[in-house]
Amino acid sequence: MIIDCDVHAEVREHADLLPYMSLAWRKHFERDEWLRAANLVSSHVRMSDAFGHAQAPAYLPVTDPGRTDLVLPPQGLAVNGWADHPAATVYLQALNSFADEHWASPSSRLAIGVSPHDRAWSAAEIRRRAGSPATGAVAMALVPEMLGSSGWDPVYDACVETGLPLVIHYSGVEGLYLGAAPLSGGVHRSALARLTLMPHLAESNVASLVLGGAFARFPGLRVLLAGFGFSWLPPMLWRLDREWRTFRADVPWVTAPPSEQVAQSFWFTSHPLGEAAGRERAAVLPPGLRSRIVFGSHFPYGADSAGQIDDRLGPGWAEQMMSNGAELFSGTARVAR
Amino acid sequence: MSETAWLPVIDCDVHPLVKDPDDILGYLPAPWRRHFEVTGIRTYGRARDSYNHPHRTYRLDAVPASGGPAGSDRDYLIASHLEPYGIATALLLPQEPYGVTAWGNVPASVAFCNAVNSYFLENWVGYDDRYALAVTVSAHDPDEAAREIRRQGQQPGVVGIQLLLLEQMMGSRWFDPIYEAACELSLPIVFHQSGSEGCHASSQVVAGGIPRSYGERHAVLSQVGAANMVDMIVSGVFERFPQLRVVMVEWGFSWVLSLLARMDYLWEQDPLSAPLVRKLPSDYARTHFTFTTQPLDEPGTLAELRALFGHPDLAHALLFSSDYPHYDTDDPGFVIKRIPAACRAKVCYQNAVGTFGMRIFRPGDTRRPR
């Protein structure tokens, strides 16, 4: 049994999406720069300074019943850097329809893309697609309004109602495009710095979700932080618990240490395994957090394989991660067991 | 305290305050004195209307009977903080200049920082050998900052340079004049948050957006320290200035290991992504960075704490600090006992000597190790 919670699938040509749009929007999108931008948009998630790169191999739906993929189209994430918000919803709607036809199978579950720029549309899109057996999660990219804000409640309401976990993954334009979420510090001109600092987005949004009371409003909300690794987690939770102890009168809706909420409501994908490997470096992960780590290969970008897990992290980790993945999708997805 | 009383302690983060900001006026040239008499002096960086502290930022028991704010009485600070804990040297990081990070007036910020340096040199460093100073310069004008470093850098008791940031990250060549002066005088850069982080358009920020509350912001504020450390490494600062050292104060340190492991791994995967980096990022970190201990994290188990202090990348890099007189002071009597015995001497003073040199012990001090 392999459950891979971070698999990326790209459209090869933006023109492939035109049939999924109204005639009027097709006319809007039929412009040379946009039609040639599929490769540009998909390159953001690679976080490389290289101007060109080989196109990712086409994603083929899984037919092996012993495997489940959560398919996360990176092009849908990159709308967090789009200026035209109505166009972003049309793009996502087309991408979701394309994905449903081309990438879904009983073992390939889709993280449907919703727009951080239009919560009402996003909530409706979640409810519209939740009935499809292909839908496994909801993916939304980050904008500067952090996830603890009650402004996201329509999206969370729809996630909880449909039983779908919310997946947060960087698009790669964070700290790069205006309109997307910023990275820590100031302006980073190096791809290495941006990718190194990407887990800070996860840190800040864990703090925001927990202290902002999202789980007091939506106890059933489940969040998968994908692509950020996990070795940053223990020190972050020490800090978060300390601030809660010091200032808990400021957040009376948080009635238990934040680390307990994290151990209950969050999951984290494993990529890149290499950063957590090496015994002298690996953060000690308390038993309560081991149950929160799921395998995410990050295919096809510098992907880890399931076979590397135990080699890198030690015996028992692969089995634990797959079991955690099954738990994440229990009730929402038909996963191989 | 009995088991630690024999150790000389160097406290690398003590904030002295002036009784009254107007006391600084006497250290300014007349035209600037008149300027500040009209404008007043903003001495805090944080936007207090936006991120107001839920209680107060200082310890009530640090407020001196002689009047003035917490930390403003040099005798009371000695009697209540240095002597009870055997602190041989308190590294003074004046906080009034943090306000200039919210100032747009460049020459005014230069004049004020310089006056604060003169004030503390005369009234604190000159008063007791247990006080050492990091002279403060801001990013407003790096050439003026370098001039101030050369003007004050060789004064007895000056052991470092407190650098205040605006939007420019520390890897920028903007800072080269400052780094050049720092290397010339063998003074480390001391990097402490100013409070303005995440508050102003000219401030550095935490990732993701704008945290809602003081505590939420504080939980992730260490990101600003981490981001500047990463930026210095990828920008080749230490290839340009191989002698430069940076003391990271009050940014925590438990995040360092996972950050460096990630950075090493990503760099090995794609060295072209950072062409100015010539060796493992963690190699730069080991050579050029130290970290103060406050606020000391509280892992779930003592084993985790021991593993942190004993890690080869940190054992030589941690410097004890209290952050007196702030609300979250790490009480030396409590915290030093939590530091594993095997690294206590390193953290209490040996690593500080390695960072600042023996000048961290002032000449008249009898508490220095023999």
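Residues numbered from 1 in each chain as written. Chains lettered and ligands numbered in written order. Predicted model: local features only at pLDDT ≥ 70, side-chain atom pairs only at ≥ 80, totals over all residues. Heavy atoms only, no water.

Provide a residue-level description of the pattern of salt bridges, including the pertinent values.
Residue and element names in this part refer to chain A. Per the counting criterion, the structure on display carries 27 salt bridges over all chains. One salt bridge in this structure joins Glu10 and Arg46, with 3.4 Å as the shortest N-O distance. Here Arg46 lies in the loop between helix H3 (38-44) and strand E2 (67-71) and Glu10 lies in the loop between strand E1 (2-7) and helix H1 (23-29), a separation of 36 residues in the sequence. Exposure remark for Arg46: the relative accessible area of 19% places this residue in the buried category. Connected via shared salt-bridge partners are Asp4, Arg67 and Asp69. (Salt bridge = Lys/Arg side-chain N within 4 Å of Asp/Glu carboxyl O. Helix = DSSP H or I, 4+ residues; strand = E, 2+ residues; numbered from the N terminus. Buried < 20%, exposed > 50% of the residue type's maximum accessible area, 1.4 Å probe, protein only.)

Residues and numbers for the side chain of B:Arg46, please.
Here B:Arg46 shows up in the loop between helix H1 (30-39) and helix H2 (74-85). Aside from chain neighbours lying at most four places away, what touches B:Arg46 is B:Tyr51, B:Asn52, B:His53, B:Thr57, B:Ser194, B:Gly195, B:Ser196, B:Cys199, B:Tyr214 and B:Arg217. (Contact = heavy atoms within 4.5 Å.)

Can you tell me about H2(B), naming the residues and giving the values?
All names here are of chain B. Helix length check: H2 (12 residues) gives 16 Å between terminal C-alpha atoms against 16 Å at 1.5 Å per residue, within 8%. Every buried residue belonging to H2 is among Leu77, Ile78, His81, Leu82 and Tyr85, and all of these are buried. Looking straight down H2, one finds its buried side chains confined to an arc of 125°; they lie on one side. The backbone nitrogen of Asp75 lies 2.9 Å from a side-chain oxygen of the residue at the head of H2, namely Asp73. With its phi angle positive at about 65°, Gly86 sits one or two positions after the end of H2. (Expected span 1.5 Å × (residues − 1). Arc of directions from axis to C-beta. Polar contact = N/O pair within 3.5 Å; in protein donor to acceptor, adjacent residues only side chain to side chain.)

Before we move on, can you summarise the interface of chain A and chain B with the specific residues and values?
In many analyses, interface size is given as the accessible surface area lost on bringing the parts together. The interface is formed by 55 residues belonging to chain A together with 56 residues belonging to chain B. Where chain A packs against chain B, one counts 3 salt bridges. For the salt bridge of A:Glu275 with B:Arg262, the shortest nitrogen-to-oxygen distance reads 2.8 Å. Linking chain A to chain B there are 14 residue pairs in polar contact (both at pLDDT 80 or more). Going through the elements one at a time, helix H8 (191-197), helix H9 (199-211), helix H11 (233-247) and helix H13 (273-276) of chain A are the ones with two or more residues in the side of chain A that touches chain B. Here the side of chain A that touches chain B takes 10 residues from H11(A), the largest share from any one element.

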